[in-house]
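# Overview (structure and organization)
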Amino acid sequence: MLLRALTVLVLAAACGRTELLEAPPVPTPTDSQRDVTVPPDGCRVTATDVYQLTPFRRQPIDVLFVIDDSCSMEDDQAELANNFDAFFGAFRANQVDFRVAAVTSDMEDDKRSGRFVGPIITDQTPSAAEAFRRLVNVGSEGSAIERALGAARAALTEPLLGTTNRGFLRPEADLALVFLGDEDDQSNFPVSEFVAFARGLKPGGQRVSATSIVGLDGCLFPGLVRGWRLAVAATSFEQDGNLALCTTDYVNILRTTAGRLVNQRCIVGLKRPIDRTRRVRVTVNGQPSGFRSTPPDTTYPNGSIELEVCPSAGGTVNLGYDECWR
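Report on the accompanying structure.

Attention now moves to the sheet that holds strand E7 (residues 121-122). The strand order across the open sheet formed by six strands is E7-E6-E5-E8-E9-E10, and the pairing between neighbours is mixed. The sheet is open, and its two borders are formed by E7 and strand E10 (241-245), each paired with just one other strand. Looking at chain direction, strand E9 (residues 208-214) and E10 are connected through five bridges and run parallel. Across the sheet, the residue bridging to isoleucine 213 is alanine 244, located in E10. Along the sheet, helix H7 (residues 229-236) contacts strand E8 (174-181), E9 and E10; its crossing angle with E9, the most-contacted strand, is approximately 150 degrees.

Right, dumping it as structure tokens:
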């Protein structure tokens, strides 16, 4: 849910100071808002430094679908096409700025070979569900030598990135790769090389994730499919990877994937840098939350934390050093 009024309280920086987490812009506090009571132990604090933050803007994201267009894939493409809302409902509900494009696994046809098969879909596209349906129904007459990783790499490099595929990959946006196929990838380079390439597209710290929906319905040996290159590619992205084996339950697959893509980008800026020599704890609405701290950058000059759990509107985020929670 969009954070329209995230109230942020920060506890006990340096055990006796109060830090404030903020997401710019924030209003200037009045004198009455600056009162802080420090108890005798110098650790617990009661802070009336409370800000109602402006609506939180989620991280923009570019989503590239890489679709197997070899024989026997038409039914699977149709199922994917019919579940636009399962995937993009979460994006729309959270007002995510997204772009969507698609390529096929065919690297033999010069008219494909990493070229987008239709126009880029954005959060502003009229009748986006119908546009998505046309985009991913790519047919089943493509090469039987599926090279999904090769197609993704070609789509995101020159010369295509600056010509046919211009306008998709934004430097400030996260990148999500979604692979769909019923056969293994046969690209002529190691999976590790592709993973390094994809991660290298975002040197500024934006997130790259990969979801592989492979094997599809009726595969007899899921353990074997788990060893496919597309499966290995997804798991190589660790916490940013998502693998679905031997299933066509697209509603749940896409909803789960979209939820992860949306919720994993809940970022709050720091007013003062975290002391990295000390252990930090974070709670969301009073419950412990995992988080990842990021060093200062141009967006957050004092660094930021990315929450594992996004609080709803009006939620409270507390941050404090370990000794101050005992």
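Past the structure itself, the notes keep going.
With that settled, consider the nonpolar core. Of all hydrophobic cores here, the largest spans 34 residues; its most connected members are Phe65 and Phe91. Looking at this core, the elements with two or more residues in it are strand E5 (61-67), helix H1 (74-81), helix H2 (84-93), strand E6 (98-104), helix H3 (128-136), E8 and helix H8 (250-263). Tallying contributions element by element places H8 first for this core, with six residues.

As a further point, take helix H4 (residues 148-155). One full turn of an α-helix is made of 3.6 residues, so residues set three or four places apart face in the same direction. The element H4 is extensively covered by neighbouring structure, given that seven of its eight residues are classed as buried. Considered for burial, the residues of H4 that qualify are Ala148, Leu149, Gly150, Ala151, Ala152, Ala154 and Ala155. Residues of H4 that are buried in the fold lie against E5, E6, E8, helix H5 (191-200) and H7.

Judged by side-chain charge, Glu74, Asp75, Glu79 and Glu141 come together as a negatively charged surface patch. Topologically, glutamate 74 is positioned in helix H1.

Let us look at the pattern of salt bridges. Two side chains with opposite charge may pair up if their charged atoms get near one another. What the rule picks out here adds up to nine salt bridges. A salt bridge links aspartate 62 to arginine 170, with the nearest nitrogen and oxygen atoms 2.8 Å apart. On the criterion of sequence distance, the pair formed by aspartate 62 in strand E5 and arginine 170 in the loop between H4 and E8 is long-range, its members being 108 residues apart. A relative accessible area of 0% places aspartate 62 in the buried class. The partner of arginine 134 in a salt bridge is glutamate 130, with the nearest N and O atoms 3.6 Å apart. Of the two residues, arginine 134 and glutamate 130 both sit in helix H3, four residues apart, roughly one turn of that helix.

Quick notes on the rules
- Residues numbered from 1 in each chain as written.
- Predicted model: local features only at pLDDT ≥ 70, side-chain atom pairs only at ≥ 80, totals over all residues.
- Heavy atoms only, no water.
- Pairing = 2+ DSSP bridges.
- Helix = DSSP H or I, 4+ residues; strand = E, 2+ residues; numbered from the N terminus.
- Contact = heavy atoms within 4.5 Å.
- Axes fitted to C-alpha atoms, helices over the stretch in contact; angles between N-to-C directions.
- Core = buried A, V, L, I, M, F, W, Y, C linked by side-chain atoms within 4.5 Å.
- Buried < 20%, exposed > 50% of the residue type's maximum accessible area, 1.4 Å probe, protein only.
- Patch = residues over 30% accessible without salt bridge, like charges linked within 9 Å, V, L, I, M, F, W, Y side chains within 5 Å.
- Areas by Shrake-Rupley, 256 points an atom, 1.4 Å probe, with all protein chains shown as cover.
- Salt bridge = Lys/Arg side-chain N within 4 Å of Asp/Glu carboxyl O.
- Lys, Arg positive; Asp, Glu negative; His and termini not counted.
- Charge placed at Lys NZ, Arg CZ, Asp CG, Glu CD.

Take it as geometry only, folks, not as evidence of what the structure does.
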